[in-house]
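So you can see what is in the structure, the chains are spelled out below.
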Amino acid sequence: MAGNGSFIRLMSTPIHSTLAAMPPLPSPVLEGKHFILASNSPRRRELLSMILPHFDIAPSRNVDETYSAALPADEVPVFLAQLKAKAYSDLITPDTVLITADTVVICQDCIMGKPHNADEAQRMLAMLAGRTHTVVTGVCISTAKGCKTFSEHTQVHFAPLTLEQIDQYIARFAPFDKAGAYGIQEWIGAVGITGITGCFYNVMGLPLHSLYEAMTNA
């Protein structure tokens, strides 16, 4: 549904049918606040709709996501979430809660972003296969009073994958918009992931429990 001005209003309508279609329970603590999600990710929109009855989506803006090579890998997501928050700071009013986030996959001390093509996706998945990696999401919650940040870590355990399985997944699901070239909620997650340690939703791109706790105190 189109919102007024420059926002898109999302009224608790999950995009992906695998998540609950029921609207979230009301939270008196969150009432009276204007929540804005600054993200192009359909998964983050879907996830946020599980805990917020309504929120606006800020239009995409160009953000320079350059970071120092000296920055520890698990600190990169929070750093990028803060960069995104600064790019949207003009949207903040006294009742606004702006949410920005960034997710990375870390395997053998290497940061995996989104693959640019099938060959890169294949290399990423081949590296993840048979190993445990870490998914880190950094979140920045900005209000007129300032901003608070946090990060969530989830360990993901992958079974060995054949090259045929990897290529079939890439051909069918085109995971070029996903860090690490996979979606845990998709086929490869069902057949290739043996387990996780930590928050499932964090692997999808938004750690819902931690975010809810942070929003109630924003």
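This structure is a prediction, so every number in the text was calculated from the model and none was measured. (Residues numbered from 1 in each chain as written. Predicted model: local features only at pLDDT ≥ 70, side-chain atom pairs only at ≥ 80, totals over all residues. Heavy atoms only, no water.)

Participant: Give me the lowdown on helix α3 (residues 118–128), citing residues and values where you can.
Facilitator: Within the sequence span of α3, burial applies to A121, M124, L125 and L128. All buried residues of α3 fall inside an arc of 95 degrees around its axis, so they share one side. Across from the buried face of α3, at angles greater than 90 degrees, the exposed residues are D119 and R123. For α3, the secondary structure elements touched by its buried residues are β4 (96–107), β5 (110–112), β6 (132–143), β7 (146–158), α4 (163–173) and α5 (187–192). Where α3 starts, the residue carrying a side-chain oxygen 3.2 Å from the main-chain nitrogen of D119 turns out to be N117. Directly after α3, the chain includes G130, whose backbone phi takes a positive value near 75 degrees. (Buried < 20%, exposed > 50% of the residue type's maximum accessible area, 1.4 Å probe, protein only. Helix = DSSP H or I, 4+ residues; strand = E, 2+ residues; numbered from the N terminus. Arc of directions from axis to C-beta. Contact = heavy atoms within 4.5 Å. Polar contact = N/O pair within 3.5 Å; in protein donor to acceptor, adjacent residues only side chain to side chain.)

Participant: Tell me what's going on with the side chain of T100, and back it up with residues and numbers.
Facilitator: You can see T100 is positioned in strand β4. Looking at T100, its side chain comes within polar contact range of the main-chain oxygen of A81, at 2.8 Å. Residues in contact with T100, not counting those within four places in the same chain, are A38, A81, K84, A85, G138, V139 and C140.

Participant: Report on the layout of surface pockets, specifying residues and quantitative values.
Facilitator: Roughly 720 Å³ of internal volume is contained in the largest pocket. Taken together, 36 residues form the lining of the largest pocket, with R44, K84, D102, T103 and K114 sitting closest to its centre. For the lining of the largest pocket, the elements supplying multiple residues, two or more each, are α1 (42–48), α2 (76–87), β4, β5 and α6 (200–204). In terms of residue count, β4 provides more of the lining of the largest pocket than any other element does, 4 residues in total. In terms of residue class, the lining of the largest pocket is made up of 17 nonpolar, 10 polar and 9 charged. (1 Å grid on protein atoms, 1.4 Å probe; cavity = no way out; pocket = protein on both sides within 12 Å on 5 of 7 lines; lining within 4 Å. Points joined across faces, edges and corners; volume = space filled by probe spheres on them. Nonpolar A, V, L, I, M, F, W, Y, C, P; charged D, E, K, R; others polar.)

Participant: Hey, could you go over the pairing of β6 for me, with residue numbers and the actual values?
Facilitator: In terms of burial, β6 is largely enclosed, as 11 of its 12 residues are buried. As defined by bridge partners, β4 adjoins β6 across 9 bridges and the pair is classed as antiparallel. By the bridge assignment for β6, I106 is matched with T134. Note that β6 and β7 share 12 bridges and pair antiparallel. The residue of β7 that forms the bridge with T132 is H157. Taking the residues between adjacent antiparallel strands as the criterion, β6 and β7 are bridged by 2 residues. (Pairing = 2+ DSSP bridges.)

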